[in-house]
Amino acid sequence: MPLLVTPDDQDSNATWEVVGAPRRLGGYLIDLFLLNSLVSAVLAGARAQGWVGPPPADLFAAQPGELLPLVLTTYAVQVTYYFLWESLTYRTPGKLVCQTRVMGVDGDDPTTLSILLRTLVRLVPLEFLSFLGPWPGGWHDRWTGTCVVRRTDNLAEEPADDDAADRL
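Here's a quick rundown of the structure. Residue positions are given per chain, counted from 1 along the sequence in the order it is written. The model is predicted, so local features are restricted to residues of pLDDT at least 70 and side-chain atom pairs to those at 80 or more, both for listing and for counting; the totals for chains, interfaces and linings are taken over all residues. For the side-chain quantities, the full set of heavy atoms in the structure was used; hydrogens and water were omitted.

1. Quick word on the packing of helix 3 (residues 64-89) against helix 5 (residues 112-121)
For step 1, the next point in the chain: Relative orientation of the contacting elements helix 3 and helix 5 amounts to 150°, with a least axis distance of 9 Å. For the element pair helix 3 / helix 5, the angle class is roughly antiparallel. Where helix 3 crosses over helix 5, the two elements pack in a sense that is right-handed. Facing helix 3, whose interface residues are Gln78, Val79, Tyr82, Phe83, Glu86 and Ser87, helix 5 presents Thr112, Ile115, Leu116, Arg118, Thr119 and Leu120.
For step 2, the next point in the chain: Residues were grouped as follows: Ala, Val, Leu, Ile, Met, Phe, Trp, Tyr, Cys and Pro as nonpolar; Asp, Glu, Lys and Arg as charged; and all remaining residues, including Gly, as polar. Classifying every residue of the contact of helix 3 with helix 5 gives six nonpolar, four polar and two charged. Axes here mean lines fitted to C-alpha atoms, for a helix over just the part in contact, with angles spanning 0 to 180 degrees between N-to-C directions. Think of it this way: any DSSP run of H or I at least four residues long counts as a helix, any run of E at least two long counts as a strand, and we number them from the N terminus. Note that the term roughly parallel is reserved for angles under 35 degrees, roughly antiparallel for angles over 145, roughly perpendicular for angles of 65 to 115, and oblique for everything else. Definitions for this section: a left-handed crossing has its near helix turned counterclockwise from the far helix by less than a right angle. A right-handed crossing has that turn clockwise. Whether two residues touch is decided by their heavy atoms; if any such pair falls within 4.5 Å, the residues are in contact.

What follows is the structure in structure tokens.
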């Protein structure tokens, strides 16, 4: 049971469908914006405290050791963000806006271990390209037995086309 529950989480009769790429992309872009903002804030705070120096002037010419604080901070913030949000709510802010959530492929809530593994798989280089294959979801879904779903049994019914023509 997540720490923060919604009516959807408490309704055992809810009907869910696996969402497609456009809705997932929307949630991803929202989360990406928030993650970049958090990484920037953490790095700014660390610089203000003197824990890390300024970034190299030319990132492409930088030595690996010069980029290590940036990379480690980015990974730490990303793991913390996804793990905390998804283990506590089965959602991230991006999923919340897009009205989706993480669920096990068996229809049960995902375990904390599957959420942790899902989060760590996101660190695999080029993992985002796994969405380009014929299978739904990315490696972080397939390798952990999870999927992203939205509730379908309480969606507002759209007006039929003939109703729209009657209003003209």
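2. Details of the environment of Leu70
For step 1, the next point in the chain: Among the structural elements, Leu70 can be located in helix 3.
For step 2, the next point in the chain: Sequence separation between Leu70 and Pro54 is 16 residues; the distance between their C-alpha atoms is 9.9 Å.

3. Considering the nonpolar core
For step 1, the next point in the chain: Buried Ala, Val, Leu, Ile, Met, Phe, Trp, Tyr and Cys residues form a nonpolar core when they are joined through side-chain atoms within 4.5 Å. Classification of residues uses two cut-offs on accessible area relative to the type maximum, computed with a 1.4 Å probe and protein chains only: under 20% is buried, over 50% is exposed, and between them is partly exposed. Ranked by size, the top nonpolar core spans six residues in total: Leu35, Val39, Leu43, Val77, Tyr81 and Tyr82.
For step 2, the next point in the chain: Elements that contribute at least two residues to this core include exactly helix 2 (21-49) and helix 3.
For step 3, the next point in the chain: If near-sequence neighbours (up to four positions away) are discounted, Val39 is found in contact with Thr74 and Val77.

4. Describing the layout of surface pockets
For step 1, the next point in the chain: Counted as a void, the largest pocket has a volume near 750 Å³.
For step 2, the next point in the chain: In terms of lining, the largest pocket is formed by 32 residues, of which the most central are Tyr28, Tyr82, Arg122, Glu127 and Phe128.
For step 3, the next point in the chain: Mapped by element, the contributors of at least two residues to the lining of the largest pocket are helix 2, helix 3 and helix 4 (93-97).
For step 4, the next point in the chain: For the lining of the largest pocket, the element with the most residues is helix 2, which contributes eleven residues.
For step 5, the next point in the chain: Of the residues belonging to the lining of the largest pocket, the class tally is 18 nonpolar, seven polar and seven charged. Cavities and pockets were defined on a 1 Å grid built over protein atoms only: a cavity is a set of grid points that admits a 1.4 Å probe from which the probe cannot escape, a pocket is an open set flanked by protein on both sides within 12 Å along at least five of seven lines, and lining residues are those with an atom within 4 Å of any such point. Grid points are joined across faces, edges and corners, and a volume is the space filled by probe spheres set on the points.

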